[in-house]
Amino acid sequence: MTGASAGIGRAIARHLAADGMRVAVHYRQRREAAQETVAAIEAAGGRAFALGADLTADRAIDALFSALEAALDGGRLDVLVNNAGVASDREDPTVTRRDGFVAGISDVTPEEFDELFALNVRAPFFVTQRALPLLADGARIINISSVATRIAWPLLPYAMSKGALEMMAPRLAQQLGARGITVNTVAPGITDTEMNNWVHETPGAEEAISEMTALRRLGRPDDISAVVSYLASDEARWVTGQLVDASGGMCLAPGGM
């Protein structure tokens, strides 16, 4: 799975490993974090290995799959999780934006827009294309989107990129259904991860988010990994082409009513 070094991706990797799968833990830059994910999986009795690739770079996907094919040693790929994505420019010290996020139409530059779409749309599209010959019949493809596609928050280019990603599931589900391959999308809400540290750094933010969420709390990574685990299982064999909102019911009514 892509983007498995930390946060929701790490939780998904650990959950799938606990389900008995051997997990390829992909990372973009955070090699040590990916190795920590692998170590945690192995300590729990699971199997995993790390693969590094900047999916926005030319030829990176070919290199990634060459390494993956070598690790599979002739085996098939049963589950593909496209989790790698970016919502902010916090890691770029040369860019200054409100709260570190690429937000509304007046805030974003062409370079930032292209970066968002390169990782959030282009990468999962071509990763999936490249994975198709490796996928076993009856395999699962699961894309990770965001509740931002249905809520008018300021993260405009991010929401646009995730909206494009969501279009993959129903179309690929129709195309790949003859092989028994299911394709679904999971849309988390605001989840308590390192990327969302701003929630704890901003007075009152966690309380406000909880108030606008039907289940009255901040999401946790294992909330999302449980949904992905179900979609990856045989129990979900008759679910395909769907968008599953895994936000705890964020913004279901005006003002959290």
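Here is a short report on the structure shown in this document. All values reported here derive from a predicted model rather than from experimental measurement.

1. Thoughts on the packing of aromatic side chains
Here the structure, examined in full by the defined rule, presents 2 aromatic pairs. Seen in terms of ring centroids, Phe113 and Phe117 are 4.6 Å apart; in terms of plane orientation they differ by 20°. Their pairing is stacked. In this pair, Phe113 and Phe117 are both assigned in helix 4 (residues 110-131), 4 residues apart and thus about one turn of the helix distant. For Phe113, a relative accessible area of 29% gives the class partly exposed. With relative accessibility at 21%, the residue Phe117 sits in the partly exposed group. Consider the rings of Phe125 and Phe126, whose centres lie 4.9 Å apart with planes at 75°: the pair is edge-to-face. Given the relative accessible area of 43%, Phe125 is considered partly exposed. Using a relative accessible area of 30% as the deciding quantity, one classes Phe126 as partly exposed.

2. What to know about a nonpolar patch on the surface
On the surface, a nonpolar cluster with roughly 300 Å² of combined accessible area is contributed by Ile105, Leu156 and Met160. Within the secondary structure layout, Met160 lies in helix 5 (residues 156-166). Judged by its relative accessible area of 42%, Met160 is partly exposed.

Calculation criteria
- Residues numbered from 1 in each chain as written.
- Predicted model: local features only at pLDDT ≥ 70, side-chain atom pairs only at ≥ 80, totals over all residues.
- Heavy atoms only, no water.
- Phe/Tyr/Trp six-rings, centres within 6.5 Å; stacked < 30°, edge-to-face > 60°.
- Helix = DSSP H or I, 4+ residues; strand = E, 2+ residues; numbered from the N terminus.
- Buried < 20%, exposed > 50% of the residue type's maximum accessible area, 1.4 Å probe, protein only.
- Patch = residues over 30% accessible without salt bridge, like charges linked within 9 Å, V, L, I, M, F, W, Y side chains within 5 Å.
- Areas by Shrake-Rupley, 256 points an atom, 1.4 Å probe, with all protein chains shown as cover.
- Salt bridge = Lys/Arg side-chain N within 4 Å of Asp/Glu carboxyl O.

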